[in-house]
Amino acid sequence: MATVYKNPSGERAVRQWCSQALVRADFPLTTTIVTTSAGRVALTAAGSGAPRVVLVPGTGFNASAALPWLRALSGRWTTTVVDLPGQPGLSDPYRPRGARLSWYGRVLDEILAVMDVDGAVLVGNSLGAAVVLAAGSPRIAARALVSPAGFIRLGVDPALALASARWLLRPTAGNTRRMLRLFVGPGEEPPRTEVEWMALMAACCRTTLAPPPLPAELLARRAELPCVVGVGEHDRFLPPRRLAPAVRRTMGLDLRVFPGAGHLTTPAHLDRVVALVAEVAEPLVR
């Protein structure tokens, strides 16, 4: 098993940042630690109302960095954010060196069992969407996937590759901001919190390669439950023109495209995420 952190001081810095972000949150939160075969997993919950929504963030993200998502979703439903083990955050730092998606899927199944939640709506973003697809628990009632890994290989154009290399080699606020401008829609500025978090993550954590596409037969099985898929109009990793045919071919679904948005879903576009989740969540309570 490998650890996500470069060294113990980096782990302490990340955990301190995450803990302080949760303390500063301006809406009520409940934090819990559960034990799984992957170690201790941190869960952060807010809101009320059925069905239960479980959010799995993308690569390098966690509840502390996804507080705007939690605020938006918990305004409609009881929502729990999972800090994935092996990702920076408040869960255990270890992850396998190979076959990570199947491992993450099994861990998420365990988490749902420990939470004792049935009829859950799983919401996955980027890597989190691939994890949500890998999970096969009978406790899952529906899935909502935003900028989802797991369907196609993520594309990296030369401008993004250069900006990412500069960010990793010298993770200053300026280099981080310049890179994240390629993650958002034209004319948008990346939120300050994301800039701060991503700079810290590059300084303290080992990078994680983008996950490969999931097997077509697994995706076909996942189409047996209600599922909706959305992506930003300007997503450079997962351009709609490439993602839409794969989603249609593997799951028989039409891709929803969020106008003006990029791969990083900023607070300005979270209303579209809530509307996407509502498509599969609302029928469960009628």
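Placed above this text is the structure.
A brief report on the enclosed structure follows.

Conventions adopted
Residues numbered from 1 in each chain as written. Predicted model: local features only at pLDDT ≥ 70, side-chain atom pairs only at ≥ 80, totals over all residues. Heavy atoms only, no water. Pairing = 2+ DSSP bridges. Helix = DSSP H or I, 4+ residues; strand = E, 2+ residues; numbered from the N terminus. Axes fitted to C-alpha atoms, helices over the stretch in contact; angles between N-to-C directions. Buried < 20%, exposed > 50% of the residue type's maximum accessible area, 1.4 Å probe, protein only.

**Side note on the sheet that holds strand β9 (residues 227–232)**
Ordered by their spatial adjacency, eight strands build an open sheet running β2-β3-β5-β4-β7-β8-β9-β10, and the pairing between neighbours is mixed. Unpaired on one side and paired on the other, β2 (30–36) and β10 (256–258) mark the two borders of the sheet. Sheet twist, expressed as the average angle between the axes of neighbouring strands with direction ignored, equals 25 degrees. Sheet topology note: the strand β7 (residues 120–125)/strand β8 (residues 140–146) ladder contains six bridges and is parallel. Bridge pairing in β8 places valine 123 opposite alanine 144.

**Focus on unusual backbone geometry**
Between alanine 50 and the following residue, proline 51, the backbone shows a cis peptide bond with an omega angle of -5 degrees. For proline 51, the location among the structural elements is in the loop between β3 (39–46) and β4 (53–56). Backbone geometry at aspartate 116 places phi at a positive 55 degrees, although glycine is not the residue there. Relative to the assigned elements, aspartate 116 resides in the loop between α3 (100–115) and β7. What makes aspartate 116 exposed here is its relative accessible area of 56%. The phi angle at serine 147 is positive, at roughly 45 degrees, despite the residue not being glycine.

Keep in mind that these numbers describe shape and distance, not what the molecule does.
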